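Per-entry structural report
The primary structure of each chain is shown beneath.
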Amino acid sequence: MSRNEAEVRAEKAEELRQAHINPYPSQSVPRTHTTQAVVEEFGDRLESGMVDPAGKVLTLCGRITAKRDSGNLVFLDLRDEFGRLQLKIEKKGVKEDSVLSFAQIKKLLDEGDFISAEGIACRTNKGELSLQVERLSILAKAQIPFPDVYYGVHDVEVCRRHREMHLASNPAILQRFKLRSQIIFQIRSFLTERGFYEMETPILQAIYGGAAARPFVTHHNALDVDLYLRIAPELYLKRAICGGFERVFELGRVFRNEGIDSTHNPEFTSLEVYQAYADYIDILTLVEEVIIHAAKTVYTDISQIPYQGKTIDLTPSYEYNGQKHWRILTMTAAVKEYVGIDFDNIDLETALAAVKAKGIHLSKLEEQSLGYLLYGVFDKCVAPQLEQPTFVIDFPVEVSPLAKQHRAKEGFVERFELFIQGMEYANGFSELNDPQEQRRRFEQQLAQKYAGDEEAHPMDEDFIQALALGMPTCAGMGIGIDRLIMLLTDTASIRDVVMFPTMRPRQ
RNA sequence: GGGUGACUAGCGCAACGGUAGCGCAUCGGACUCUUAAUCCGCUGGUUCUGGGUUCGAAUCCCAGGUCACCCA
């Protein structure tokens, strides 16, 4: 029975211990240079075959990603977060007081091991900038085979279940998640500079709300009550506005108990922003500003965002009320343009016949009223066709229980959604602040819930009481951050911008 | 929820009804300028799981599992 690689590596760790070398030491490493710093300091110096004449001793640390052994000379590739540097290790060059002897380096080190190396910058005969190693020690022994350096890990299941392998074997993936972090930082600082305060509202909620979705349920033992993981922070953020905050946001995780596909993960990151004394066009403008600011952390030219073979243009060039925006069209205009049915001048019976004549399949809910029908037709037939950034505005009141009635159009609310590449990126509206009207909306939602709509909004008395205390004119918006990061990192699946996506547990 | 496809050594793949094989890695050996190092040699398998058909199944059939993609 032969040993597998994991057993071999465990034995190597044991052999280090036998030699009184801890394969997992705890001392901090006095790093003087990252791989990048070595390139910056010596990159345009040193002739081939030369060693830094100043003899400056550098200390680097990182992970071995390749080992090339040619007898009394061994080359290791050392990778840290910033890049790669070759270590040149000559038998005669390793000092007596090195933690690992030349023989131990050859025999006991493998790809994946973390090490620290002390030596002098040099350039090999073949011209590669390297570190001529004098002392080398182990920081952490890797005990399973390191992903193939040349091929990397490409099995999507391994990449997602064991993201550390994906990251360790593929610098481009590490870069994607660095960008994610930078984008989120930029969004936070943009809003903070604009006077928005970041809130931390409950994730465990007794009544979930703020969106149309099914929640995850959990149980609090001491209170002996079921609690829901939030599907949105909306209602609490508006209560903060009722209390006197004028500009608030929350950037964090929300949870929706629904299927998993390339644009849906059960937990995802949302940004919600509320601004007092603003209306939906003001907050639509803020959506543009936030997304453009985020895009500028990645691209200098926002008119040429590459996404899955297409090019997205984020330049606001559509004239609306004297301002430049992304394309704006009302939902009825959109349906008229893309489907050819004019919902502004039609009754339910005629509309139903027209929709059915086009072979569009409808749910019971969608057959109930002109509003549900309009939204259903838009959602199925128009949204998937909106490739360049497009705001669709003025939604039916039936599908918008938290939005304020339209100032001019009966049966509609002041609401928008942003679509890019047929996908919803943002949603916002002038917030309903009339407590009596809010109660009526919740009651209508309850009626739908009893009629079988599992995503209908539940009644929330605490929220109505907050509105009764008074909420100023106000508008708010939400952006799906994971989808935005997909767009800005040209990634096809949400599961590859979420570092550890939800997967069915093994066994 | 429905459809399609994938699953074989640590990794990447082949064998398509007739003895499970190749490359890389691991392991042993050689080598002071390699960089997917090279050269020589040796290991390594519940072919996702269970059942069926067959003289014989990785291969065909049925059920299940995981994943991916598409549709609702």
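Predicted model only: the values in this text are computed from it and were never measured.

The subject of this paragraph is the overall build of chain A. Secondary structure summary: chain A contains 14 helices and 20 strands in total. Here the C-alpha radius of gyration of chain A, 29 Å, is well above what a compact globule of 507 residues would show, namely 23 Å. The principal-axis extent of the C-alpha atoms belonging to chain A is close to 90 × 55 × 50 Å. Scored against the burial criterion, the 507 residues of chain A give a buried share of 49%. Pairs at least 24 residues apart make up 65% of the contacts formed inside chain A by residues separated by at least 6 positions. Of the roughly 24400 Å² that chain A leaves accessible, carbon and sulfur atoms contribute 50%.

The next thing to look at is helix α14 (residues 481–488). Across the 8 residues that make up α14, a large majority, 8, are buried. The set of residues buried in α14 consists of Ile 481, Asp 482, Arg 483, Leu 484, Ile 485, Met 486, Leu 487 and Leu 488. Just past α14, the residue Asp 490 takes up positive phi, approximately 50°.

So, on to the protein's contact with RNA strand B. As a structural note, the neighbourhood of RNA strand B is formed by 34 residues, with Asp 69, Lys 88, Lys 126, Glu 128 and Arg 504 the closest of them. The sugar and phosphate moieties of RNA strand B supply 59% of its atoms located within 4 Å of the protein. Glu 157 is positioned such that a nitrogen or oxygen atom in its side chain is 2.5 Å from a sugar or linking oxygen of RNA strand B. Counted by class, the surface near RNA strand B contains 8 nonpolar, 7 polar and 19 charged residues.

A separate point is the packing of helix α12 (residues 435–450) against helix α13 (residues 461–469). Between α12 and α13, whose axes approach to 9 Å, the crossing angle comes to 160°. Here α12 is positioned roughly antiparallel relative to α13, judged by the angle of their axes. The crossing of α12 and α13 is right-handed. Here Pro 435, Gln 438, Arg 439 and Phe 442 of α12 come into contact with α13, specifically with Glu 461, Phe 463, Ile 464, Leu 467 and Ala 468. Tallied by class, the residues present in the contact of α12 with α13 amount to 6 nonpolar, 1 polar and 2 charged.

With 50 residues, the main nonpolar core has Ile 187, Leu 271, Met 477 and Ile 479 as its most contacted residues. Considering each element in turn, this core owes the most residues, 11 residues, to helix α8 (residues 280–296). When neighbours within four sequence positions are excluded, Ile 479 is seen to be in contact with Thr 269, Ser 270, Leu 271, Val 287, Val 290, Ile 291, Tyr 425, Ala 426 and Leu 484. Formed by 45 residues, the second largest nonpolar core is a distinct cluster that contains Ile 241, Val 413, Phe 419 and Phe 429.

Turning next to the sheet that holds strand β4 (residues 114–123). Read once around its circumference, the closed barrel built from 5 strands follows the order β1-β2-β3-β5-β4, with strand pairing classed as mixed. Here the strands of the sheet are splayed against their neighbours by 55° on average, with no regard to which way each runs.

The next thing to look at is the pattern of salt bridges. Two side chains with opposite charge may pair up if their charged atoms get near one another. Applying the stated criterion across every chain, the model contains 42 salt bridges. Between Glu 5 and Arg 9 there is a salt bridge, and its shortest N-O distance comes to 3.2 Å. With Glu 5 and Arg 9 both in helix α1 (residues 5–18) and 4 residues apart, the pair spans about one turn of that helix. The residue Arg 230 makes a salt bridge to Glu 250 at a minimum N-O spacing of 2.7 Å. One end of the pair, Arg 230, is in the loop between β9 (225–229) and α7 (234–243); the other, Glu 250, is in strand β10 (residues 247–255), with 20 residues separating them in the sequence. You'll find Arg 230 and Glu 250 in the same group, each marked buried. Through salt bridges with shared partners, one network takes in Glu 5, Arg 9, Lys 12, Asp 110, Asp 113 and Lys 141.

What counts and how
Residues numbered from 1 in each chain as written. Chains lettered and ligands numbered in written order. Predicted model: local features only at pLDDT ≥ 70, side-chain atom pairs only at ≥ 80, totals over all residues. Heavy atoms only, no water. Helix = DSSP H or I, 4+ residues; strand = E, 2+ residues; numbered from the N terminus. Rg over C-alpha atoms; globule rule 2.2 N^0.38 Å. Buried < 20%, exposed > 50% of the residue type's maximum accessible area, 1.4 Å probe, protein only. Contact = heavy atoms within 4.5 Å. Areas by Shrake-Rupley, 256 points an atom, 1.4 Å probe, with all protein chains shown as cover. Near = heavy atom within 4 Å. Polar contact = N/O pair within 3.5 Å; in protein donor to acceptor, adjacent residues only side chain to side chain. Nonpolar A, V, L, I, M, F, W, Y, C, P; charged D, E, K, R; others polar. Axes fitted to C-alpha atoms, helices over the stretch in contact; angles between N-to-C directions. Parallel < 35°, antiparallel > 145°, perpendicular 65-115°, else oblique. Left-handed = near helix turned anticlockwise from the far one by under 90°. Core = buried A, V, L, I, M, F, W, Y, C linked by side-chain atoms within 4.5 Å. Pairing = 2+ DSSP bridges. Salt bridge = Lys/Arg side-chain N within 4 Å of Asp/Glu carboxyl O.

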